[in-house]
Amino acid sequence: MNLDTTYLTELLLNGLMVGLLYALVAAGLALVFGVLHIINFAHGELMMIGGFVMALVLPALGLSYWPSLAVAALATALAGVVLYELFLSRLGPREFERSILVTLGISMVLLYGAQYWFSATPRIVDTQYGFEGLEIGDIRMTWTRVIGGGVAVLAFGGLYATLRWTQFGRAMRAIAQNREAAAMVGIPQHRVARHAVALAAGLCGLAGGALAPIQLVQPAMGQAVIFKAFALVVIGGLGNIPGAVFAAIALGMIESWVGGFFDIVWQETSVFLIMIVAVILRPDGLFQRGGLRVG
Amino acid sequence: MRLALPVALVLLVALPWLTASTYIMGIAVSGVLMTVAAAALNLVYGFAGLLSFAAIGFWGVGAYCAAITVMDWGGSFWSGVALAGLVNGVLALAIGVPMLRTRRHAFVVVSITFALLCALVSRDWTAVTRGPMGIPGLPAPSAFGYVFAGSARFWFVALGFSVLALALLHALGTSRIGLVLKAIKQNEPLAQSQGISPLPYKLLAFVVGAVVTGMAGGVMAFHLGVVDPLIFDFYYMQTFLIIVIIGGAGSFWGVLAAGLAMVVLPEALRASNDLRMVIYGGVLVVAMLAMPRGVAGWLEDRRVAVLRAKLR
Amino acid sequence: MSGPVLEVRGLRKSFAGVRAVDGAAFSVRAGSITGLIGPNGSGKSTAVDCISGFQRADAGQVLLDGADLRGLTPQRIARRGLTRTFQDVRVYEGYDLLQNLLVVAQPFVGVGWGGELLRSAGYRRARVAAEARARELIELVGLTRLVEAPAAVLSYGQKKLLAFAGAMMSAPRLVVLDEPVAGVNPTRINEVAEIVRRANAGGTAFLIIEHNVEFITGLCEHVVVLDRGAKLAEGPPHQVHQDPRVLEAYLGVEAVA
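Residues numbered from 1 in each chain as written. Chains lettered and ligands numbered in written order. Predicted model: local features only at pLDDT ≥ 70, side-chain atom pairs only at ≥ 80, totals over all residues. Heavy atoms only, no water.

1. Details of the packing of helix α8 (residues 150-174) of chain B against helix α11 (residues 198-224) of chain B
Residue and element names in this part refer to chain B.
Moving on, step 1. The interhelical angle for the contact between α8 and α11, taken along N-to-C directions, is 175°, at an axis separation of 11 Å. As summarised for this structure, α8 and α11 are arranged roughly antiparallel, according to the angle between their axes. Of α11, the residues touching α8 (which contributes S151, F154, A158, F161, A165, L168, L169 and L172) are V208, V212, M215, A216, V219, F222 and H223.
Moving on, step 2. Class assignment of the residues belonging to the contact of α8 with α11 gives a composition of 13 nonpolar, two polar and no charged. (Axes fitted to C-alpha atoms, helices over the stretch in contact; angles between N-to-C directions. Helix = DSSP H or I, 4+ residues; strand = E, 2+ residues; numbered from the N terminus. Parallel < 35°, antiparallel > 145°, perpendicular 65-115°, else oblique. Contact = heavy atoms within 4.5 Å. Nonpolar A, V, L, I, M, F, W, Y, C, P; charged D, E, K, R; others polar.)

2. Considerations on the sheet that holds strand β8 (residues 205-209) of chain C
Residues and elements named next belong to chain C.
Moving on, step 1. Reading across from one edge, β6-β7-β8-β3-β9-β10 is the order of the six strands in this open sheet, with mixed pairing throughout. Looking along the sheet, the strands with just one partner apiece sit at the ends: β6 (82-84) and β10 (230-235). Adjacent strand axes in the sheet meet at a mean angle of 20° when their direction is disregarded.
Moving on, step 2. Alignment of β6 against strand β7 (residues 174-178), held across three bridges, turns out to be parallel. Along β7, the bridge assignment pairs T83 with V175.
Moving on, step 3. Against the sheet, helix α1 (residues 44-51) makes contact with β3 (33-37), β6, β7, β8 and β9 (222-227), and its axis sits at roughly 140° relative to β6, the strand it touches most.
Moving on, step 4. Here helix α6 (residues 156-168) sits on the sheet in contact with β6, β7 and β8, set at roughly 160° to β7. (Pairing = 2+ DSSP bridges.)

3. Thoughts on the interface of chain B and chain C
Reports of interface size often rely on the accessible area that becomes lost once the parts have come together.
Moving on, step 1. Listed per partner, the contact involves 34 residues of chain B and 34 residues of chain C.
Moving on, step 2. Summed over both sides, the interface of chain B with chain C buries roughly 2900 Å², with 60% coming from carbon and sulfur.
Moving on, step 3. Summed over the shared surface of chain B and chain C, the result is one salt bridge.
Moving on, step 4. The salt bridge involving R176(B) is made with E116(C); its shortest N-O contact spans 3.3 Å.
Moving on, step 5. Between chain B and chain C we count 15 residue pairs in polar contact (both at pLDDT 80 or more) in total. (Buried area = accessible area lost by both parts, 1.4 Å probe. Salt bridge = Lys/Arg side-chain N within 4 Å of Asp/Glu carboxyl O. Polar contact = N/O pair within 3.5 Å; in protein donor to acceptor, adjacent residues only side chain to side chain.)

4. What about unusual backbone geometry?
All names here are of chain C.
Moving on, step 1. You will see that D65, though not glycine, has its phi angle at about 50°, which is positive.
Moving on, step 2. Along the polypeptide, D65 turns up in the loop between β4 (59-64) and β5 (67-68).
Moving on, step 3. With phi around 55°, E179 is a residue other than glycine that occupies positive phi space.
Moving on, step 4. Tracing the backbone through its elements, the reader meets E179 in the loop between β7 and α7 (189-201).

5. Observations concerning the packing of aromatic side chains
Moving on, step 1. A complete count under the given rule lists 25 aromatic pairs over all chains for this structure.
Moving on, step 2. Look at F58(B) and F206(B): their rings are 5.8 Å apart centre to centre, the planes differ by 75°, and that puts the pair in the edge-to-face class. Taken together, the positions of F58(B) in helix α4 (residues 55-71) and F206(B) in helix α11 put the pair 148 residues apart, joining distant regions of the chain.
Moving on, step 3. When the ring of F252(B) is compared with that of W253(B), the centres are 5.0 Å apart and the planes differ by 90°; the resulting orientation is edge-to-face.
Moving on, step 4. The buried category is assigned to F252(B), whose relative accessible area is 14%.
Moving on, step 5. Three or more aromatic residues link up through ring pairs in this structure, and these residues are F77(B), W78(B), Y146(B), F148(B), F154(B) and F222(B).
Moving on, step 6. In this structure, R90(C) packs its charged tip against the face of F86(C), placed 4.6 Å from the ring centre. (Phe/Tyr/Trp six-rings, centres within 6.5 Å; stacked < 30°, edge-to-face > 60°. Buried < 20%, exposed > 50% of the residue type's maximum accessible area, 1.4 Å probe, protein only. Lys NZ or Arg CZ within 6 Å of the ring centre and 35° of its normal.)

6. Notes on the sheet that holds β4(C)
Residues and elements named next belong to chain C.
Moving on, step 1. Strand order in the open sheet formed by four strands is β2-β1-β4-β5, and the pairing between neighbours is antiparallel. Because the sheet does not close on itself, it has two edges, and the strands there are β2 (18-29) and β5.
Moving on, step 2. Two strands pair when backbone bridges link them, and β4 and β5 are joined in this way by two bridges, in the antiparallel orientation. Within β5, the position partnered with L63 by the bridge is D68.
Moving on, step 3. Where α1 meets the sheet, it contacts β1 (4-15), β2 and β4, and its direction lies at approximately 115° from that of β1.

Dropping the structure here:
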């Protein structure tokens, strides 16, 4: 077993970057659950859309990273609006099982549709940064990872500020806390819900876009993440955004640490075992349950 | 109507003589086995109201149990399938008790994580499962010196198992247990106020569902001739769910009809696998939005509307 | 006659610091029809939920025939002989009337799942007896012509009658009726009273929560008044209705002014 500090730090940082991007997906899922009381199974496919937009737009824009990422986020947010207007707006807050089945159907259409159009073959996505990286002493990380983590941190800052200080953020929190009361004071529920889905989808698109150069882009990339995100949202406490974010970062680190120390094969298994035990022991989440919490 | 069932059964038994195509027989075998798994899911979701994604886990665990029994322990196909049922029953009992104590949101999540955990274990526990390569070369089952080799002969094994499993599920659904299960699903506090304990009933449905699903998975393994982690592909789960939703959750015959239709129709249309799943997904969305209780539920609603009009 | 079938002592229940039931104490004489009245928010529904096991009381005792019901689940309490109806009328909408009543556990106690699955002799006997009892009750509530109709086609008042039959199915010692005539067509209220009276003649005691004064006065021999979670007064109905404290609780400031 190799315990030198460089290796440990690299593991830690890699885990942190991946965890931060999981956390973007989980935060969006928590947001949608808080406002609409829906677990959106198609959420992972929104991330996949972000990844594919990134993969298709990058060559067209001469491999420049930032404009492509913006396009990916915006296109996915737009897809979120379409998703809301066509389907989610028709579901009531108490129809939990029904919402799962509807969004599962949407996820199937998107996932297998992407496989039909683009084939299941993974794509390597190249950017202006290539495989260049940042080196501090012996520790080396590719720029795409560093930027991915940075983008996630910025996005969380923006999400926090939006929920905390904007009119729209307050409206979302009000609906999450008490739907009836929010309706009585005249908060336009449908508009707020649509914005919430768009925002959550945008975060997904950002995560998908940022992950594209780090991992491979393929139709099933969303399905691999969504189940984890789903569990994270419950572990964090339904609708509790910091809880979900914290759980996601922890998951990313546990994965990389376990992967580093133990046989690589038991990495994911151990994580899922921890999840099952966590959910069974604390069905309301490790953190306090309640409305949409921002801090 | 009374003749429909015997006629259908005779036609199914005679299927190998009606077609010479091994391709069609292969579809027929996986079709009946997936219909059995869907009917088991119907007991869990349609009767007990538990949206459980654990079914795909039980399906795969059953497949591995049956395969390992034959390949590593020298058992027969029959004992392998029986063991698949036993192992799944114990497994379902062990995870079912804590799962059913959680809220319904957590129940769904735990069922999903359980299914994924099964897939990961099958990939990672190489000493037992042989990892991603799987266990190939499963032999055809035999009884009294007769070898059920090839889809046309294996068909009788699959059909025999399916008829027995469906008969069990039908007996359960039409018994008082089925009546109480659906009562709990309709209004749990009312059932409690009438002296019914919901937990044992839900657990029964969950465990029986797991046993039947696992045994169907065990038979499926020998149809495929190989077990690998792909047996846990979410595609199977999606298919089971579609069959239950389209047929109408809680309707035994509806689910049976939907199972046969969903397996046969896309094959008849010669759609690619991806396109078929796109169609399934679209059907699921439209069905859940337009008729959330399936075809059977939709017909029932029409009946109630007519009756109500008559009584006014 | 005999002692109380139900005795409630010092019942307390708070929600987030608000005391819904605050030391309520009263009893129901065996075989009697007792009314439980009080203004909105006086804690009647919470008291019923605590008595029937749907909520866990913070303190106090609930005795059924002298046996403490504390900590028992609703289903255990129902099997001991205390059943209830719900304010938001509850029936199994997808079942016909007969099926609605055959769900009730009591007639099938001791049959077991194996017997139910294989339709054993014991099961068939229980089933015949249960069906006979169900038809009797459906006739009692006057729904015989609808016996094979799905409950979804029933009117609101008819659903309340079906729920009543469901609560009677296990031949309980005591039935708690939560607003049996609220929202029921006024011309039918006397019918409901007559049905309760006939069921009572069979020995079952009733505890009735209801706002309809005429209904309570005509039916109950004894009335308990709750206000702010505690007993305010009790006695025969006409006497209770003249009690100035009761008038004040119902009419509030106006009566004082």
